[in-house]
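The residues making up each chain are set out below.
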Amino acid sequence: MWKSVTAAPADSILGLTEAFKKDQNPNKVNLGAGVYKNEQGITPVLACVKDAERILLGSEQTKSYLPISGDPVYTDCVQHLLFGEEDSEVISSRRAATAHAPGGTGALRIGAELLKEFKPEASVWISTPTWANHNGIFAAAGFELKSYPYYDAETKALKYEEMMSTLHRIPAGDIVLLHGCCHNPSGVDLNAEQWPEVAALAAEKGWIGFLDFAYQGFGDDVESDRQGVEEFSKTGCDFFVASSFSKNFGLYNERTGAITVISPTAQETEVALSHLKKTVRVCYSNPPAHGGLIVKTVLTEPSFEKSWRTELAEMCNRIVAMRSAFVNGLAERGVDQDFSCIKKQRGMFSFSGLTDETVSWLRDNKGIYVVGGGRINVAGLTAANVDYVCESIAEALHR
């Protein structure tokens, strides 16, 4: 079957990690993989997660299937993170339907499959640039892909006017994929004045917003980071949210996420939920339990939730500190190129401005792995390796 088939290319990010593992350089640094690393250079299990798992280990009595949409307490917890703990109009009006999905990727794909059934002629509009897998997910669901301007490599800022000009021209019924916060790969987000304008435009033009919300809590905090969701909620229009708990709970290998469909009325939401369940049923039948049960346990036990918020803030603050150390370290080494924008960006990722030639040189000569295009995972920097990284980049730029 496969004799005349050409091998598929390695994933641009996961393939980089495989090359990193094989590298014999003792000073090697992986700034490509999209996972959080602590000061010891490892991806930790959060203390609140360990506490929750101890409870689950002692109390769990069955490994039976979950409902198609997942544990109902888990989906309630997801909605409270998205819309707020108190006085949420979306929750009180029952305008949201949530299904537990296998990770943020699974949430995006289930949302795409559901949309394709009812919007088969729609196009999906994706930011330039974006997370590489966005294109693959929506193309695999059968959508025509189009793009809207987002990041300006010259100014290191958002192309807001160009973006809005394009969004004005998108026809009703098309789908616009937006990053809820901590834009991957640029680290440049819509601000507090811009989100209401984008949401209002969606309602005016009739296109469907689809928010990829993979980094809640990694921008400012859990509440502030959901502004985009809140602004779309205020419009009363249809939109989708894909959540992930890989980063903010450290549940990477548990594949824990959710897809939430928000509709104008509770009646419409019931209809949406019926088709959401139908879509899940033919894709994976029902979700894996363990990661969702961890999230449920943490968010329903006040002491665990407090611990989670503290640990999440510590992760966020460490990334901010590494951004400053990186920018200052390059300046101290006489690098003329202005990297100061990295301090202003949010989340784990940043467009460093490094050329593909420099990225290749760093990999081949210094064992420093950066994604093509210069995207770096700032969380891969530590106090132990940031000087080596800065010295290596300075050497590369001064060649």
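Before any of the text, the structure's been laid out above.
Residues numbered from 1 in each chain as written. Predicted model: local features only at pLDDT ≥ 70, side-chain atom pairs only at ≥ 80, totals over all residues. Heavy atoms only, no water.

Caption draft 1: Region of interest: the pairing of strand β2 (residues 96-102). In terms of burial, β2 is largely enclosed, as six of its seven residues are buried. Across seven bridges, β2 lies against strand β10 (residues 256-262) in antiparallel orientation. Bridge pairing links H100 to A258 in β10. (Buried < 20%, exposed > 50% of the residue type's maximum accessible area, 1.4 Å probe, protein only. Helix = DSSP H or I, 4+ residues; strand = E, 2+ residues; numbered from the N terminus. Pairing = 2+ DSSP bridges.)

Caption draft 2: Molecular detail of unusual backbone geometry. Following T128, the chain continues to P129 via a peptide bond in cis, the omega torsion being 5°. Structurally, the position occupied by P129 is in the loop between β3 (123-128) and α6 (132-140). Looking along the chain, the bond that leaves N184 and enters P185 is cis, with omega of 25°. Even without glycine at this site, R94 takes up a positive phi of about 55°. Summarising the element assignment, R94 is placed in the loop between α4 (89-92) and β2. A positive phi angle is found at K156, which is not glycine, with a value near 60°.

Caption draft 3: Representation of the environment of I294 in the model. By the secondary structure assignment, I294 is in helix α11 (residues 290-300). On the basis of relative accessible area, I294 is assigned to the buried category, the value being 0%. Taking the C-alpha atoms as reference points, I294 and E53, 241 residues apart in sequence, are found 6.5 Å from one another.

Remember that the coordinates give geometry; whether it matters functionally is a separate question.
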